[in-house]
Amino acid sequence: MENGKTNLAVGDLPSKEVELNSSPPLESIGTVPPPESIVTVLSIDGGGVRGIIPAKILQFLEKELQDIDKEDTRIADYFDLIAGTSTGGLMTTMLAAPGPDPDKKPLFSAKQIVEFYRENSPKIFPSMWCGFWGLVRSLFGPRYTGKHLREVIEEKLKDTKISETRTRVVIPTFDIKLLQPAIFSTSEGKTNKLKNARLSDICISTSAAPTFFPAHKFSIKDEDDPSNKRDFHLIDGGVAANNPTLLAINHVRRRVILEREKNSKVNAVDYGKLLILSLGTGSAAPDQNYEAPQVAKWGMFRWFYSNGTSPLMEAFNQASSDMVDIHVYALFQELYQKDNYFRIPDSYFRIQDDQLKGPTASLDDSSKANLQELEKIGDGLLKKPVSRVNLEKGSIEPVKFEDAKNEEKTKTNEEHLKDFAKKLSDIRKAKLAKLKIVKKELWTANASPSLEHWDSVVALS
């Protein structure tokens, strides 16, 4: 936590006491919370090679933050919690895992993540198995061996465990033996030895998409009691939560509940003090999808392969992501109903593209041409208006804001990201200023400040 480089822990900072299961008091809705009380959350969807789209968005955001603060900061310095699924889980780990340098900067910058996708995607998804012959291969086993993915992840992450991340993370997987989600987090890794898994094992597991990669098995032993161990039989986290935004919100709530068990003065969750950036990996354009008469006669083969994609896989992933998006918007719509939607993107900012066509809609087309096109899509998203999903029409529509003259207007994602970056910078500065006061009080009492102590102190603000 020295030299202002640390990211501060997840905590929720309501303005007054309320019951555990209650909503924030109505009088607090619409007010501007102090910046040090805001919990910042980054969520990244799953989506195979399309992960390069959110990577480009993060590259822009990180550069903007560095320009504002005039420091060599990283994304992890600004977010209290990063959640990611599948390719988003891999990105989450890259953003939060400590690097080898003494200053413990994260393993990757956002720009380096884009370079990682360029270099490694063709080796993770060999082109010879993309398309029809990959489908034939997947009838008898996984389409890809996953060998290069395992090798590069283990080389980069070594034996680093989830309890060691630079900021708190949460990554979902699915246990195929227990038929239930297995969720890994920094918080639980610090308190439960049998959930303190190696980041490499978590990354391989959350990326193990059925029919694409083999399932991953590993065990965790209690170092103090070798007879106490737990086995995991895991597949892709997208089976449980392809869009992990709601999972991240629930994780914040769970942290607060645990703090309340230790300290009765800790208040219930005030969702108005969440600042969320949710990044999608894109979805197929409506005119690229299917109609009921067309699919009515499909058997298993066509559901798993049609025009270079897997309609069944796409349907499950997109339905999961959109339902989370709808639930989160409903939550913030209730909070800001007096403001008629205009403040929702200030608390929940979702960037997604629903116009992918041809190879760009594929999860595993790693050709140089397609990767370049995906990068262009990521850059192009910055120029598109801030949008939200319209469930009735099945499309993404621009969100309207009120300007200083109370007139409605749209904003581009780039414009809103710049405003978002300024907020993240202000929040970080306020938290670091408060941490200095906390450190001074602790040193006076001959105590040593820690991430956990920050949780307790912040929760009372």
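Caption draft 1: Region of the structure containing the overall build of the protein chain. Across its full length, the protein chain carries 16 helices and 12 strands. Within the protein chain, the fraction of its 461 residues that count as buried is 55%. For the protein chain, the share of sequence-separated contacts (at least 6 apart) that also reach a separation of at least 24 residues comes to 75%. Just so you have it, the protein chain exposes about 20800 Å², and 54% of that area is on carbon and sulfur atoms.

Caption draft 2: View of helix α7 (residues 199–206). The buried count for α7 comes to 8 of 8 residues, which makes it a mostly enclosed element. Taken together, the buried positions of α7 are Leu-199, Ser-200, Asp-201, Ile-202, Cys-203, Ile-204, Ser-205 and Thr-206. Looking at the packing, one finds that the buried side of α7 touches α2 (87–96), α5 (147–157), β3 (168–175), β4 (180–185), β5 (216–222) and β6 (225–235).

Caption draft 3: Just the environment of Ser-362, in detail. As for its placement among the helices and strands, Ser-362 is situated in the loop between β8 (348–351) and α14 (368–381). Looking at Ser-362, the relative accessible area reads 5%, which means it is buried. With 53 residues separating them along the chain, Ser-362 and Thr-309 place their C-alpha atoms 5.7 Å apart. Here Asp-364 takes part through its side chain, which lies 2.9 Å from a polar atom of the side chain of Ser-362.

Caption draft 4: Representation of the pattern of salt bridges. Applying the stated criterion across every chain, the model contains 26 salt bridges. Salt-bridge contacts for Glu-188 lead to Lys-195; the nearest nitrogen and oxygen are separated by 3.2 Å. A single burial state applies to Glu-188 and to Lys-195, both of which are buried. Put simply, Lys-193 and Asp-224 hold a salt bridge, and the shortest N to O gap is 2.2 Å. In this pair, Lys-193 is assigned in the loop between α6 (186–191) and α7 and Asp-224 in the loop between β5 and β6, connecting sequence segments 31 residues apart. Of the residues examined, Lys-193 reaches a relative accessible area of 46% and is grouped as partly exposed. Linked through salt bridges whose partners overlap, the residues forming this network are Lys-56, Arg-118, Glu-375 and Asp-379.

Caption draft 5: The arrangement of the side chain of Thr-165 in detail. Along the chain, Thr-165 turns up in the loop between α5 and β3. Within the structure, Thr-165 has its side chain in polar contact with the backbone oxygen of Thr-167 (distance 2.7 Å). For Thr-165, the side chain forms a polar contact with the side chain of Thr-186, separated by 2.8 Å. The residues contacting Thr-165, other than those within four sequence positions of it, are Ala-96, Pro-98, Thr-186 and Leu-199.

Caption draft 6: Representation of the packing of aromatic side chains in the model. Overall, the coordinates contain 11 aromatic pairs when judged by the stated rule. Measuring from ring centre to ring centre gives 5.3 Å for Phe-184 and Phe-232, while their planes differ by 55 degrees; the resulting arrangement is tilted. Pair noted here: Phe-184 is in strand β4 and Phe-232 is in strand β6, with a separation of 48 residues, a long-range link. Among the aromatic residues, those joined into a ring-pair cluster are Phe-125, Tyr-144, Phe-212 and Phe-213. Above the plane of the ring of Phe-184 lies Lys-195, whose end atom (NZ or CZ) is 5.2 Å from the centre.

Caption draft 7: Structural context of the layout of surface pockets. Roughly 910 Å³ of internal volume is contained in the largest pocket. Lining the largest pocket are 41 residues, with Ser-283, Ala-284, Asn-289, Gln-318 and Asp-354 positioned closest to its centre. Elements with a contribution of two residues or more to the lining of the largest pocket: α12 (311–335), β8, β9 (387–390) and β10 (395–398). Top contributing element to the lining of the largest pocket by residue count: α12, with 8 residues. Within the lining of the largest pocket, the residues separate by chemical class into 18 nonpolar, 14 polar and 9 charged. There is about 500 Å³ of room inside the second largest pocket. Lining the second largest pocket are 29 residues, with Ser-86, Ser-207, Ala-209, Asp-236 and Leu-363 sitting closest to its centre. Looking at the lining of the second largest pocket, the elements that each hand over two or more residues are α2, α3 (110–124), α8 (238–241) and α12.

Caption draft 8: Spotlight on the pairing of β8. Of the two faces of β8, both are covered, the one formed by Tyr-348 and Arg-350 as well as the one formed by Phe-349 and Ile-351. Relative to β8, strand β7 (residues 274–279) runs parallel, the two sharing 4 bridges. Note that in β8 the partner of Leu-279 across the bridge is Ile-351.

Caption draft 9: Inspection of the confidence of the model for the protein chain at higher detail. Here the protein chain shows a mean pLDDT of 81. Residues at 70 or above account for 78%. Note that pLDDT drops below 50 for residues 1–30; the model gives that stretch 94 contacts with residues more than four away or on any other chain. Counting interchain partners and residues more than four positions distant, the pLDDT-below-50 stretch residues 338–342 has 7 contacts.

Definitions and limits used
- Starting from 1, residues in each chain are numbered consecutively following that chain's sequence as written.
- It should be noted that, the model being predicted, local features are given only for residues of pLDDT at least 70 and side-chain atom pairs only at 80 or more, the latter also being counted only at that level, while totals for whole chains, interfaces and linings use all residues.
- Hydrogens are left out, water is left out, and the side-chain values use all remaining heavy atoms of the structure.
- To qualify as a helix, a DSSP run of H or I must reach at least 4 residues; to qualify as a strand, a run of E must reach at least 2; elements of each kind are numbered from the N terminus.
- Each residue is placed in one exposure class: buried if its accessible area under a 1.4 Å probe, protein chains only, is under 20% of its type's maximum, exposed if it is over 50%, and partly exposed if it falls in between.
- Contacts are residue-level and defined by heavy atoms, with any inter-residue pair within 4.5 Å sufficient.
- Accessible areas in this description were obtained via Shrake-Rupley with a 1.4 Å probe; residue shielding takes into account the shown protein chains only.
- Counting of polar contacts relies on pairs of N or O atoms within 3.5 Å, with two restrictions inside protein: one atom must be capable of donating a hydrogen and the other of accepting it, and residues adjacent in sequence are counted only when both atoms are side-chain atoms.
- The salt bridge criterion pairs a side-chain nitrogen of Lys or Arg with a carboxyl oxygen of Asp or Glu, the two atoms within 4 Å.
- The aromatic pairing rule takes the rings of Phe, Tyr and Trp, using the six-membered ring of Trp, and pairs them if the centres are within 6.5 Å, calling planes under 30 degrees apart stacked, those over 60 edge-to-face and the rest tilted.
- We count a charge as sitting over a ring when the NZ of a lysine or the CZ of an arginine lies within 6 Å of the ring centre and within 35 degrees of the ring normal.
- Computed over the protein atoms alone on a 1 Å grid, cavities are sets of points where a 1.4 Å probe fits but cannot get out and pockets are open sets with protein on both sides within 12 Å along at least five of seven lines; a residue lines them when it has an atom within 4 Å of a point.
- Grid points are joined across faces, edges and corners, and a volume is the space filled by probe spheres set on the points.
- Gly falls in the polar group here, along with every residue not listed as nonpolar (Ala, Val, Leu, Ile, Met, Phe, Trp, Tyr, Cys, Pro) or charged (Asp, Glu, Lys, Arg).
- Here the rule is simple: two strands pair whenever DSSP picks up at least two bridges between them.
- A residue's pLDDT is simply how confident the predictor is in it, with values from 0 to 100.

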